[in-house]
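These are the residues of each chain, in order.
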Amino acid sequence: MNLIRLLTEFCDRFGFNSHRQNILADLQMALQLLAQANCQRVYIGGSFVTNKEYSNDFDERPRADGRRKGTREVMVATMT
């Protein structure tokens, strides 16, 4: 899937209020830094990938392998 399309879908799904959109702006900066460091995959977890209206932050896990079992994470970027 195209990276821009994937990020757009992620932002549309989880950026449903101005509070979350501010968090997404921080996430976009983090993704740019990870891409510069040749990170291949990024998983986002925690309360941000729920319907919680005012999530405090996002849990970001750059990974070379698969996601951790038993966690709620969404792969937001495959940078290859």
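Just above, that's the structure.
### Thoughts on the overall build of the chain
- The helix and strand inventory of the chain stands at two helices and three strands.
- For the chain, the succession of helices and strands along the chain, N to C, is α-α-β-β-β.
- Counting over 80 residues, the chain shows a buried share of 32%.
- In the chain, once contacts between residues fewer than 6 apart in sequence are set aside, the share between residues at least 24 apart is 64%.
- Just so you have it, the chain exposes about 5300 Å², and 49% of that area is on carbon and sulfur atoms.

### Things to note about the side chain of Asn17
- Here Asn17 is to be found in the loop between helix H1 (3–14) and helix H2 (18–36).
- On the basis of relative accessibility, which here comes to 14%, the residue Asn17 falls in the buried class.
- Among the polar contacts listed, one links the side chain of Asn17 to the backbone nitrogen of Arg20, at a separation of 2.8 Å.
- Residues within four places of Asn17 in sequence aside, it is in contact with Glu53 and Tyr54.

### Quick look at H2
- The end-to-end C-alpha separation of H2 is 28 Å, in line with the 27 Å expected for 19 residues at 1.5 Å each.
- For H2, every residue scored as buried is listed here: Arg20, Ile23, Leu24, Leu27, Ala30, Leu31 and Leu34. For H2, the arc enclosing every buried residue in end-on projection is 120°, short of the 170-degree limit, so these residues lie on one face. Across H2 from its buried face, at more than 90 degrees, point the exposed residues Ser18, Asn22, Gln32, Leu33 and Gln36.
- Where H2 terminates, the next one or two residues include Asn38, which has phi positive at roughly 65°.

Cut-offs and rules
- Residue positions are given per chain, counted from 1 along the sequence in the order it is written.
- Side-chain atom pairs in this predicted model are given and counted only at pLDDT of 80 or more, local residue features only at pLDDT of at least 70, and totals for whole chains, interfaces and linings cover all residues.
- Side-chain descriptors were evaluated using all non-hydrogen atoms of the structure, hydrogens and water having been removed beforehand.
- Secondary structure counts use DSSP, requiring at least four H or I residues in a row for a helix and at least two E residues in a row for a strand, with both numbered from the N terminus.
- The buried label goes to any residue with under 20% of its type's maximum accessible area, the exposed label to any with over 50%, and the partly exposed label to all in between, with areas taken from a 1.4 Å probe on protein chains only.
- Only heavy atoms enter the contact rule, under which two residues are in contact if any of them lie within 4.5 Å.
- Accessible surface is estimated by sampling points in the Shrake-Rupley manner with a 1.4 Å probe; for residues, cover comes only from the protein chains shown.
- N or O atoms closer than or at 3.5 Å make up a polar contact, with two conditions inside protein: a donor-capable atom paired with an acceptor-capable one, and, for residues adjacent in sequence, both atoms drawn from side chains.
- Expected helix span is given by 1.5 Å per residue-to-residue step, counting one fewer step than there are residues.
- By arc we mean the arc of the directions from the helix axis to the C-beta atoms, nothing more.

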